[in-house]
Amino acid sequence: MNDTLEFNEIYQEAKGTWNDGRLRFSKQTVVYKNSKTGKLDSIPVPELTQAQWRRVCLGHGIKLCTSTGNIYKYDGFKDTDLEKISEYFKANYKVELIEKDMCVKGWNWGTAKFNGPLLSFEVNDSPAFEIPLASVSQCATGKNEVTVEFHQNDDTEVSLMEVRFYVPPTTGDEGSDPVEAFVQNILSKADVIQATGDAVCIFRELQCLTPRGRYDIRIYPTFLHLHGKTFDYKIPYTTVLRLFLLPHKDQRQMFFVISLDPPIKQGQTRYHFLILLFSKEEDISLTLNMNEDEVERRFEGKLHKNMSGSLYEMVSRVMKALVNRKITVPGNFQGHSGAQCITCSYKASSGLLYPLERGFIYVHKPPVHLRFEEISCVNFARGTTTTRSFDFEIETKQGNQYTFSSIEREEYGKLFDFVNAKKLSIKNRGFKEGMKGNDNMYSDSDDDQHDAYLERMKEEGKIREEANDSDDSEGESGEVCILVIYIYAVALTIYILYSVCLFFTLKFNATLCVLVCRKRQRTAAPPRAETALNQRTQASLSQKSPKRLGKCGNNLEWDVKAEEAKKEYDRAMREYKERGGGSSVSSKKKKKGGKNEEKKKRKSGGGREKEKERATGNDSFKSREFISSEESSSESDKGKGRKRKVTH
């Protein structure tokens, strides 16, 4: 027979919901680990007094009773598991596994029996149902009636709100009221928060990040009371999963984080973490509201009646003693700057990521705690906004992904070495290793071989010195290497930009030269020679008095000048065409030739008609043809009012 028996997908009921986990039977202990919260239930074998095998809604289940009065129930076994579990119990535990049948008659009349933390309703000595008294939040009485109310669970779709019991009016052994006796039996084991008596101690005006505000914290023996200006919270110590004490990156503040399950509620908001922020320079003198003998007997030297020291140290010591859980602090990880955390962003807020010995925790908005055993793989991704940072992605076995972005590139080497040392699977490297060995499968996520918090308190000064002297040669060489790479990248970028600009400049200059040459060729054509009529008209218009228009010279002189200008134009055009000019312009002229000829005809026709109208309509007006004739000009001086003939 094997030394251990292990079962997967075993369920435990917690306030109306089923949490799956792993159950292991060994010769020394019975260990159950919750897959959701990582909480560990360890039952020493000598404390086992009774074991029952029952048919339940999830197949078959085991009910274990201990000598300390605790009862543990685990469901999800198969019918074939009964034989090997029964033989293992007989051989190693010396306890017989008894088969117990449940009553399924549906009767609502029976006997209520209180068995430790359970209220069992039995019909004919067979249990019909059982109520864990730790789930009871309130108990009210009426006439022969008791109403039991239960705690709410936000993870369940359907919740049981209350159960009412009718108690017959019978007289007890000593004349006591049976209703009152029934209520007292329930309240003695119920999780009812009542601020009875004085608080053990009070911390005034503590700064709380989640929920935001300043609260007075009253420490009671069984619960924690937060009193603020707007809200009040009562937190039972049984809902506290873990305690964290984390130093801020500025080395002047401390975070104290309390992990809660179920969370506290503020309207529709759920707070799974209670985060307090302290200054290291703030001290306090604390006096417990108990006598010295009671303090010594209850806390066994963990606390004293009069204590003094830093405020964060006093709060953490009191919480550790009352909750009876170890405080988790950062391990041996040190970042590039010597701090034990990494500055990053999660979603829309900036915060700090702390690599722990058995997980990661991010504070503060929103807080995230990830255990190594629930991580499937991690990934180092390139930053989306800049190359000077990278993203750290964590993927869980449930398929959820958490991305911590904007991490400085100098932190890559430290974080990669930490992840590699913890044997986490790195996705983008293709390195597939087992998360943990089977020996660590049932280890508590906060149960280290040593008390890290105690060592931290003893060696606080030494850790401070190590953090201040963290600028070693490796960091300096890394900075020099990054600086050289950066300078090379800048020089290469400048060279590429210079080459591109030079290329486009040369191309632009070449294009400009071609355009200039073409323009010169187009404008180098000689001007067209003027006709005799044009030359004569310009000469006549240059005269100051209109009476001297007819004395501008002989027509023959203007014809000679026009002939000479035409010969000069023909010679210049021949030279221009020999140089290759006029080829590009000729094609355009051909296209526009037809239209221009039509326009000229229209203009010439219209001009002639206007000249005729002017000649017939006004005697004082004289056309250019009339001015060119010497005889007609001499006749105009006589002032006769008759029409003149136009000579051509």
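Quick caveat: nothing in here was measured; it's all calculated off a predicted structure.

Examining the overall build of the protein chain
Thought 1: From N to C terminus, the protein chain includes 13 helices and 31 strands.
Thought 2: Per-residue burial over the protein chain gives 36% buried out of 648 residues.
Thought 3: Of the contacts made within the protein chain by residues no fewer than 6 positions apart, 47% connect residues no fewer than 24 positions apart.
Thought 4: Just so you have it, the protein chain exposes about 40,600 Å², and 49% of that area is on carbon and sulfur atoms.

As for a nonpolar patch on the surface
Thought 1: The grouping of Tyr-488, Leu-492, Tyr-495, Ile-496, Val-500, Phe-503 and Phe-504 at the surface amounts to a nonpolar patch, some 780 Å² of accessible area in total.
Thought 2: Within the fold, Phe-503 resides in helix H8 (residues 473-523).

Description of the pattern of salt bridges
Thought 1: Using the criterion set out here, one finds 16 salt bridges in the structure.
Thought 2: For Lys-73, the salt bridge is made with Glu-130, and the minimal N-O distance between the two is 3.4 Å. Of this pair, Lys-73 sits in strand S7 (residues 71-77) while Glu-130 sits in strand S11 (residues 126-132), placing them 57 residues apart in sequence.
Thought 3: In this structure Lys-73 comes out as partly exposed when scored by relative accessible area, which is 26%.
Thought 4: Taking relative accessible area as the criterion, Glu-130 reaches 17% and is therefore assigned buried.
Thought 5: Salt bridges here are not isolated pairs; linked through shared partners, they connect Lys-33, Arg-371, Glu-373 and Glu-374.

Thoughts on the nonpolar core
Thought 1: Grouped together as the largest cluster of nonpolar side chains are 43 residues, with contacts concentrated most on Phe-203, Ile-219, Leu-224, Phe-256, Ile-258, Val-318 and Met-319.
Thought 2: A per-element tally of this core places helix H4 (residues 311-323) first, with nine residues.
Thought 3: Setting aside residues up to four positions removed in sequence, Met-319 forms contacts with Ile-219, Leu-224, Leu-243, Phe-256, Ile-258 and Asn-324.
Thought 4: Counting residues in each nonpolar core, the second largest holds 25 residues, with Ile-342, Ile-375, Phe-380 and Phe-390 among its members.

Looking at the sheet that holds strand S14 (residues 162-166)
Thought 1: Read across the open sheet, the three strands follow the order S12-S13-S14; overall the sheet is antiparallel. A strand with exactly one partner marks an edge of an open sheet, and here the two such strands are strand S12 (136-142) and S14. Averaged over all neighbouring strand pairs, the angle between strand axes comes to 15 degrees, with direction disregarded.
Thought 2: Both S12 and strand S13 (residues 145-150) contribute to a ladder of six bridges, which runs antiparallel. By the bridge assignment, Ala-140 is partnered in S13 with Thr-147.
Thought 3: Packing of helix H2 (residues 178-189) onto the sheet brings it into contact with S12, S13 and S14, and relative to S12 it is tilted by some 175 degrees.

A few points about H4
Thought 1: Spanning 13 residues, H4 covers 18 Å between terminal C-alpha atoms, matching the ideal 18 Å at 1.5 Å per step.
Thought 2: Among the 13 residues that make up H4, 10 are buried, leaving the element largely enclosed by the rest of the structure.
Thought 3: Within H4 the residues assigned to the buried category are Leu-311, Tyr-312, Met-314, Val-315, Ser-316, Val-318, Met-319, Ala-321, Leu-322 and Val-323.
Thought 4: Asn-324 sits one or two residues past H4 and shows a positive phi near 65 degrees.

Here we look at unusual backbone geometry
Thought 1: Note that the residue after Thr-210, namely Pro-211, is joined by a cis bond; omega there is -10 degrees.
Thought 2: The residue Pro-211 is located in the loop between strand S15 (201-210) and strand S16 (213-219) in this model.
Thought 3: Unusually for a residue other than glycine, Glu-205 sits at a positive phi of about 50 degrees.
Thought 4: Within the secondary structure layout, Glu-205 lies in strand S15.

Some words on the sheet that holds strand S19 (residues 240-247)
Thought 1: Pairing in this open sheet of eight strands is mixed, and the strands run S18-S17-S16-S15-S21-S20-S19-S24 from one edge to the other. Two strands in the sheet have a free side with no partner beyond their single neighbour: strand S18 (232-236) and strand S24 (327-328).
Thought 2: Inspection of the sheet shows strand S20 (residues 253-266) paired to strand S21 (residues 269-279) by 10 bridges, in the antiparallel sense. Bridge pairing in S21 places Met-254 opposite Phe-278.

Observations concerning a negative patch on the surface
Thought 1: Side chains of Glu-292, Asp-293, Glu-296 and Glu-300 sit close together on the surface and give a patch of like negative charge.
Thought 2: Positionally, Asp-293 belongs in helix H3 (residues 292-299).
Thought 3: Residue class for Asp-293 comes out exposed when judged on its relative accessible area of 61%.

Considerations on helix H1 (residues 81-93)
Thought 1: The terminal C-alpha atoms of H1 lie 17 Å apart, and with 13 residues this matches the ideal 18 Å at 1.5 Å per residue to within 8%.
Thought 2: Regarding H1, the residues found buried are Asp-81, Leu-82, Ile-85, Ser-86, Tyr-88, Phe-89 and Tyr-93. Down the axis of H1, the buried side of the element spans an arc of 165 degrees, and every buried residue falls inside it.
Thought 3: Within two residues after H1, Lys-94 carries a phi angle of roughly 60 degrees, on the positive side.

So, the side chain of His-225
Thought 1: Counting through the fold element by element, His-225 comes out in strand S17 (residues 223-227).
Thought 2: A relative accessible area of 11% means that His-225 is categorised as buried.
Thought 3: Excluding its chain neighbours within four sequence positions, the residues that come into contact with His-225 are Asp-216, Ile-217, Arg-218, Tyr-220, Asp-232, Tyr-233 and Lys-234.

As for the confidence of the model for the protein chain
Thought 1: Averaged over all residues, the pLDDT of the protein chain is 77; the fraction at 70 or higher stands at 72%.
Thought 2: Averaged over each element, pLDDT in the protein chain is lowest for helix H13 (residues 630-636) (44) and highest for strand S27 (residues 359-363) (94).
Thought 3: Residue range residues 430-439 is modelled with pLDDT below 50. Its contacts to residues more than four positions away, or to other chains, number 18 contacts.

Some points on the packing of aromatic side chains
The geometry of an aromatic ring pair is captured by the separation of the ring centres together with the interplanar angle, meaning the angle of the planes.
Thought 1: Enumeration over the complete set of coordinates arrives at 29 aromatic pairs.
Thought 2: Ring centres of Tyr-88 and Tyr-93 lie 5.7 Å apart, and the angle between their planes is 90 degrees; on these two criteria the pair is classed as edge-to-face. Judged on exposure class, the residue Tyr-88 and its partner Tyr-93 are both buried.
Thought 3: Ring plane angle 90 degrees and centroid distance 5.6 Å describe the contact between Phe-390 and Tyr-412, whose orientation is recorded as edge-to-face. One end of the pair, Phe-390, is in strand S30 (residues 389-396); the other, Tyr-412, is in helix H5 (residues 412-421), and 22 residues separate them in sequence.
Thought 4: The partly exposed category is assigned to Tyr-412, whose relative accessible area is 37%.
Thought 5: One aromatic cluster is present, built from ring pairs that chain together Phe-333, Phe-360, Phe-372, Phe-380, Phe-390, Phe-392, Tyr-412, Phe-416 and Phe-418.
Thought 6: Over the aromatic face of Trp-107 sits the side chain of Lys-105, whose NZ or CZ is 4.7 Å from the ring centroid.

Parameters and conventions
Residues numbered from 1 in each chain as written. Predicted model: local features only at pLDDT ≥ 70, side-chain atom pairs only at ≥ 80, totals over all residues. Heavy atoms only, no water. Helix = DSSP H or I, 4+ residues; strand = E, 2+ residues; numbered from the N terminus. Buried < 20%, exposed > 50% of the residue type's maximum accessible area, 1.4 Å probe, protein only. Contact = heavy atoms within 4.5 Å. Areas by Shrake-Rupley, 256 points an atom, 1.4 Å probe, with all protein chains shown as cover. Patch = residues over 30% accessible without salt bridge, like charges linked within 9 Å, V, L, I, M, F, W, Y side chains within 5 Å. Salt bridge = Lys/Arg side-chain N within 4 Å of Asp/Glu carboxyl O. Core = buried A, V, L, I, M, F, W, Y, C linked by side-chain atoms within 4.5 Å. Pairing = 2+ DSSP bridges. Axes fitted to C-alpha atoms, helices over the stretch in contact; angles between N-to-C directions. Expected span 1.5 Å × (residues − 1). Lys, Arg positive; Asp, Glu negative; His and termini not counted. Charge placed at Lys NZ, Arg CZ, Asp CG, Glu CD. Arc of directions from axis to C-beta. pLDDT = per-residue confidence, 0-100. Phe/Tyr/Trp six-rings, centres within 6.5 Å; stacked < 30°, edge-to-face > 60°. Lys NZ or Arg CZ within 6 Å of the ring centre and 35° of its normal.

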